[in-house]
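An overview of the molecular structure
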Amino acid sequence: MATFFGINITHIVLLFYLFSSDFGLVRRAESLGINYGQVGNNLPTPDKVLALFTSLRITKTRIYDTNPQILTAFANSNIDLIVTVENEMLAVLVDPQQALNWVETRIKPYFPATKISTIAVGNEIFTGDDATQIQNVVPVMINIHEALVQLGMDSAIKVSTANSLAVLLSSYPPSAGSFMPELTEIMRPLLQFLNNTGSPFWINAYPYFAYKDAPTKIPLDYALFNSNNLASTSSGMVDPYTKLHYDNMLYAMVDAVIFALYRLGYGGLEVQVSETGWPSKGDPDEVGATIENAQVYNKNLLRRQSRGEGTPLRPNQRLEIYLFALFNENMKPGQTSERNYGLYQPDLTMTYNVGLSALSSPTSSSSSPSSSSQTTTSSTTTASVSLTSSSTSLRKAATSGYSLGYWMTSVCVLIFYILERRPL
Ligand SMILES: *[C@@H]1O[C@H](CO)[C@@H](O)[C@H](O)[C@H]1NC(C)=O
């Protein structure tokens with residue numbers, strides 16, 4: 001924060017301008033990601049999964065290991081892959097030589113044919129109960145990064161770690177977002193590392209959990225992104241300090257994380273949602289875990305993603321989201337909901353239709369969509385259209401919102417600035 005005060009306000013505005021607006025233009029051309037978990041004994045082979053991703057025009061996924069079959073099958077595809085250092089591996093990779101070996105054997109043989117974009121070091125470790133693992137996260141991230149540097153792959157492959165939303169002490173209202181005090185000291189070096197390497201801060205954020213725990217307090221429509229229904233019942237949520245309006249809980253969660261980062265002096269980090277989703281089935285005590293809700297949540301999320309939306313705090317920076325998950329995973333322990341997050345069944349049939357195939361409506365004449373699907377997806381096709389060609393006209397269209405975005409961002413920055421000068 002001290003650094004923050006030292007920086008001239010115009011620099012900050014400029015920085016935000018560059019990060020929000022410019023990156024927004026580029027990001028708009030990207031698709032959302034889908035997490036590809038493999039905790040099942042009946043899942044399709046990686047080549048079939050690749051075919052599914054290709055047909056859906058999904059170009060980003062995350063796996064929870066470095067499964068060589070997947071890394072091999074995905075070679076020469078256009079899929080960007082996040083791979084994961086399993087939590088149990090941290091104790092080994094805290095030795096720099098072991099980390100180098102790991103990158104040499106688990107990553108290097110497949111790269112760059114397989115587009116490995118990021119290495120996730122562990123999943124939700126900071127909110128786990130293994131104190132040694134918690135201490136090891138950042139040293140292992142540094143070791144992996146150093147290994148990438150040594151092997152000349154650091155400019156292409158980033159390193160991060162996925163956090164549970166439980167790293168936050170407070171997330172409501174978003175402007176009150178702050179980290180658990182006991183995690184502050186471990187967070188600082190993490191954030192420093194992410195900032196130094198230009199890597200995103202990852203959060204696994206599930207409005208479903210919040211709703212399940214307080215179904216009488218949280219409007220279901222707010223949790224489900226049903227902004228149209230909200231208008232008739234309530235108007236969503238207005239943060240009393242920033243006055244920003246939230247029509248859905250996920251964006252409020254993300255902005256709470258941004259505020260928490262900000263309080264530690266790293267408000268410039270990009271926040272990405274490494275997981276979000278809604279289970280289609282649950283135990284009797286898992287309120288809200290239904291097919292209808294899962295379909296509505298994921299459908300709304302996809303619709304908002306295809307517009308390239310940012311959160312109210314960063315309206316021009318496309319919020320990068322990885323949906324959880326591609327498949328129902330029958331070997332997952334825990335409550336019934338755990339095994340029922342999949343958009344697809346292991347036999348490749350849809351659990352429910354979220355309109356992903358509509359999102360992937362083709363841009364070439366080789367396969368023309370029916371006229372009805374064309375009209376319903378006119379706004380959603382932008383994301384996939386811009387992946388291929390004619391980006392110039394899109395760029396032009398996008399620039400019309402450019403200057404407005406600039407001013408909106410500046411106003412946000414000013415609000416930030418004013419807020420920060422108050423005692424928290
Ligand atoms: C984060 O990185 C930016 C860009 O490199 C830099 O200007 C800023 O000072 C860094 N922030 C901290 C707190 O180190």
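Below is a short write-up of the structure. Here the structure is a predicted model, which means the values were calculated and not measured. (Residues numbered from 1 in each chain as written. Predicted model: local features only at pLDDT ≥ 70, side-chain atom pairs only at ≥ 80, totals over all residues.)

**Quick look at the overall build of the protein chain**
- Regarding its fold elements, the protein chain presents 18 helices and twelve strands.
- For the protein chain, long-range pairs separated by at least 24 residues make up 72% of all intrachain contacts whose partners lie at least 6 apart in sequence. (Helix = DSSP H or I, 4+ residues; strand = E, 2+ residues; numbered from the N terminus. Contact = placed C-beta atoms within 7 Å.)

**Thoughts on the pairing of strand E4 (residues 115-123)**
- Summarising burial for E4: seven of the nine residues are buried, a large majority.
- Strand direction decides the pairing type here: strand E3 (residues 80-85) and E4, joined by six bridges, are parallel. Paired with valine 85 across the strands is valine 121, a residue of E4.
- Handedness of the crossover joining E4 and strand E5 (residues 158-164) through helix H7 (residues 131-150) is recorded here as right-handed. (Buried ≥ 20, exposed ≤ 12 C-beta atoms within 10 Å, placed from the backbone. Pairing = 2+ DSSP bridges. Right-handed = clockwise from strand over helix to strand, strands pointing away.)

**Some details on the sheet that holds strand E8 (residues 201-204)**
- Strand order in the closed barrel formed by eight strands is E1-E2-E3-E4-E5-E8-E11-E12, and the pairing between neighbours is parallel. Across the sheet, the mean angle from the axis of one strand to that of its neighbour is 25°, orientation sign disregarded.
- With three bridges connecting them, strand E2 (residues 60-62) and E3 associate as parallel partners. Its bridge partner being in E3, threonine 61 is matched across the sheet by leucine 81.
- Contacting E3, E4 and E5, H7 runs over the sheet at an angle of about 160° to E4. (Axes fitted to C-alpha atoms, helices over the stretch in contact; angles between N-to-C directions.)

**Examining unusual backbone geometry**
- Of note, the bond from phenylalanine 111 into proline 112 is cis; its omega dihedral lies within 30 degrees of zero at 5°.
- By the element assignment, proline 112 lies in the loop between helix H6 (96-107) and E4.
- Phi is positive for asparagine 76, which is not a glycine, with a value near 60°.
- Checked against the element boundaries, asparagine 76 lands in the loop between helix H4 (68-73) and E3.

**Some details on helix H12 (residues 249-263)**
- Along its 15 residues, H12 runs 21 Å from first to last C-alpha, staying within 8% of the 21 Å computed at 1.5 Å per residue.
- With 14 of 15 residues buried, H12 lies mostly within the body of the structure.
- Backbone geometry just downstream of H12 places glycine 265 in the positive-phi region, at approximately 95°. (Expected span 1.5 Å × (residues − 1).)

**Things to note about H6**
- Its twelve residues place the ends of H6 16 Å apart at the C-alpha level, agreeing with the 16 Å of an ideal helix rising 1.5 Å per residue.
- The set of residues buried in H6 consists of Ala99, Trp102, Val103, Arg106 and Ile107. Along the axis of H6, the buried residues cluster in a sector spanning 95°; they form a single face. Those residues of H6 that are exposed and aimed more than 90 degrees away from the buried face are Gln97 and Thr105.
- The inward-facing, buried residues of H6 contact helix H5 (90-93), E4 and H7. (Arc of directions from axis to C-beta.)

**Side note on the packing of H7 against helix H8 (residues 184-197)**
- Contact geometry for H7 and H8: axes closest at 9 Å, N-to-C directions at 20°. With respect to their mutual orientation, H7 and H8 come out roughly parallel. Every pair of crossing elements has a handedness; the one defined by H7 and H8 is left-handed. Residue-level contacts link Ile134, Val137, Val138, Met141, Ile142 and His145 of H7 to Ile186, Pro189, Leu190, Phe193 and Thr197 of H8.
- Of the residues that constitute the contact of H7 with H8, the class distribution is nine nonpolar, two polar and no charged. (Parallel < 35°, antiparallel > 145°, perpendicular 65-115°, else oblique. Left-handed = near helix turned anticlockwise from the far one by under 90°. Nonpolar A, V, L, I, M, F, W, Y, C, P; charged D, E, K, R; others polar.)

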